[in-house]
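These are the residues of each chain, in order.
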Amino acid sequence: MSQPKIIVRNAEDRDLNTLHSVAKSTFITTYEAFNTPENMRAYLETHFSKKTIIAQLRDPEVQFFLIEQNETTLGYIKLNRGTAQTESDYPNTLEIERIYVLSEFHGKGYGKLLLQKAIDVAKENDLENVWLGVWDQNPKAIAFYERNGFSTFGVHEFLLGDDP
């Protein structure tokens, strides 16, 4: 018996509830133990509200892609170009702002498929580089990116609530 097909597809307005649920769940699972409940709540309300996500879905410089198998969403990637990037110093580049896979699907190659999607988007749009930010206290993610050819080129502050 063959494995069910894995699909990486562009997220649309109709995917708002799924994207909202997966975004909040993966962020909480990854960062809750390292932050206060107040800072988590403030960050989630600002960056993961349905209002924020739908505005981003409609922004031409932002793309979300869902990864699915058997109509089950496994994770997503959020890509930013131009002024949507969190750092303005990198013209003609693509930022991977988020690459989140639900914890029960870790270690199965889904993150790598999402990363490849970002690289494909950059090539299709003749962008020079793909870059991302990763928390310096997340060695698992850092090792993943290094295995896939990324290297450190700078540092910036990330504010979660009132915690830099």
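Before going into details, it helps to say that this report is about the structure given with it. Computed from a prediction, not measured in an experiment: that's the story for all the values here. (Residues numbered from 1 in each chain as written. Predicted model: local features only at pLDDT ≥ 70, side-chain atom pairs only at ≥ 80, totals over all residues. Heavy atoms only, no water.)

## Observations concerning the pairing of strand β5 (residues 129–132)
We apply this condition: A pair of strands is considered paired only if DSSP assigns at least 2 bridges between the two. A run of DSSP states H or I qualifies as a helix once it reaches four residues; a run of E qualifies as a strand once it reaches two. Both are numbered from the N-terminal end. Classification remark: right-handed applies to a crossover when, strands pointing away from the viewer, the course from the first strand over the helix to the second runs clockwise.
Of the strand pairs in this sheet, strand β4 (residues 93–101) and β5 are connected by 4 bridges, and their pairing is parallel. Counted as the bridge partner of T93 is N129 from β5. Handedness of the crossover joining β4 and β5 through helix α4 (residues 110–124) is recorded here as right-handed.

## As for the packing of helix α1 (residues 16–31) against helix α3 (residues 50–57)
Our working definition: Axis definition: a line fit to C-alpha positions, over the contact stretch in the case of helices; interaxial angles, taken between N-to-C directions, run 0 to 180 degrees. Oblique is the label for any angle not covered by the other classes, which are roughly parallel (under 35 degrees), roughly antiparallel (over 145) and roughly perpendicular (65 to 115). For any pair of crossing helices, the crossing counts as left-handed if the nearer helix is rotated counterclockwise from the farther one by less than a right angle, and right-handed if it is rotated clockwise. Residue contacts are defined here by distance: any two heavy atoms, one from each residue, within 4.5 Å place the two residues in contact. Throughout, the ten residues Ala, Val, Leu, Ile, Met, Phe, Trp, Tyr, Cys and Pro are labelled nonpolar, Asp, Glu, Lys and Arg are labelled charged, and all others, Gly among them, are labelled polar.
Closest axis-to-axis distance for the α1/α3 pair is 10 Å, and the angle between their directions is 120°. With respect to their mutual orientation, α1 and α3 come out oblique. The interaxial crossing formed by α1 with α3 has right-handed handedness. Residue-level contacts link L16, N17, L19 and H20 of α1 to K50, I53, I54 and L57 of α3. In the contact of α1 with α3, the residues fall into 5 nonpolar, 2 polar and 1 charged.

## Comments concerning the packing of aromatic side chains
This is how it is decided: Working definition: a ring pair exists when centres of Phe, Tyr or Trp rings (six-membered ring for Trp) sit within 6.5 Å. Plane angles under 30 degrees give stacked, over 60 give edge-to-face, the rest tilted.
Per the counting criterion, the structure on display carries 10 aromatic pairs. Here the aromatic rings of F144 and Y145 are separated by 5.2 Å at their centres, their planes lie at 65°, and the arrangement is edge-to-face. Through a chain of ring-to-ring contacts, three or more aromatic side chains come together here, namely F27, Y31, Y43 and F48.

## So, the side chain of R81
Our working rule: Three labels apply to residues, based on accessible area from a 1.4 Å probe with only protein chains included: buried if under 20% of the type maximum, exposed if over 50%, partly exposed otherwise in between. Here the positive residues are Lys and Arg and the negative ones are Asp and Glu; neither His nor the chain ends is included. Between Lys or Arg on one side and Asp or Glu on the other, a salt bridge is scored when a side-chain nitrogen of the former is within 4 Å of a carboxyl oxygen of the latter.
Relative to the elements of secondary structure, R81 occurs in strand β3 (residues 72–81). Despite being buried, R81 has no salt bridge partner; E61 is the closest side chain of opposite charge, sitting 7.1 Å away. Beyond its immediate chain neighbours, meaning those up to four positions away, R81 contacts P60, E61, Q63, T93, L94, N125 and L127.

## What about the nonpolar core?
Under the convention used in this document: Among buried residues, those of type Ala, Val, Leu, Ile, Met, Phe, Trp, Tyr and Cys that are joined through side-chain atoms within 4.5 Å constitute a nonpolar core.
L19, F27, F48, Y76, I77, L79 and I96 are the most contacted members of the largest nonpolar core, which totals 42 residues. The set of elements that each furnish at least two residues to this core consists of α1, α2 (37–47), α3, β2 (62–69), β3, β4, α4 and α5 (139–147). For F48, the residues in contact, after removing those within four places along its chain, are H20, A23, K24, F27, Y43, I53, Y76, R98 and Y100.

## Notes on α5
The condition that has to hold: Directions drawn from the helix axis to the C-beta atoms are what define this arc.
Within α5 the residues assigned to the buried category are A141, F144 and Y145. Buried residues of α5, seen end-on, are gathered within an arc of 95° and therefore sit on one face of the element. Among the exposed residues of α5, those oriented more than 90 degrees off its buried face are P139, E146 and R147. Tucked into the core, α5 has its buried residues touching β4, α4 and β5. G149 occupies a position one or two residues after α5 and carries a positive phi of about 90°.

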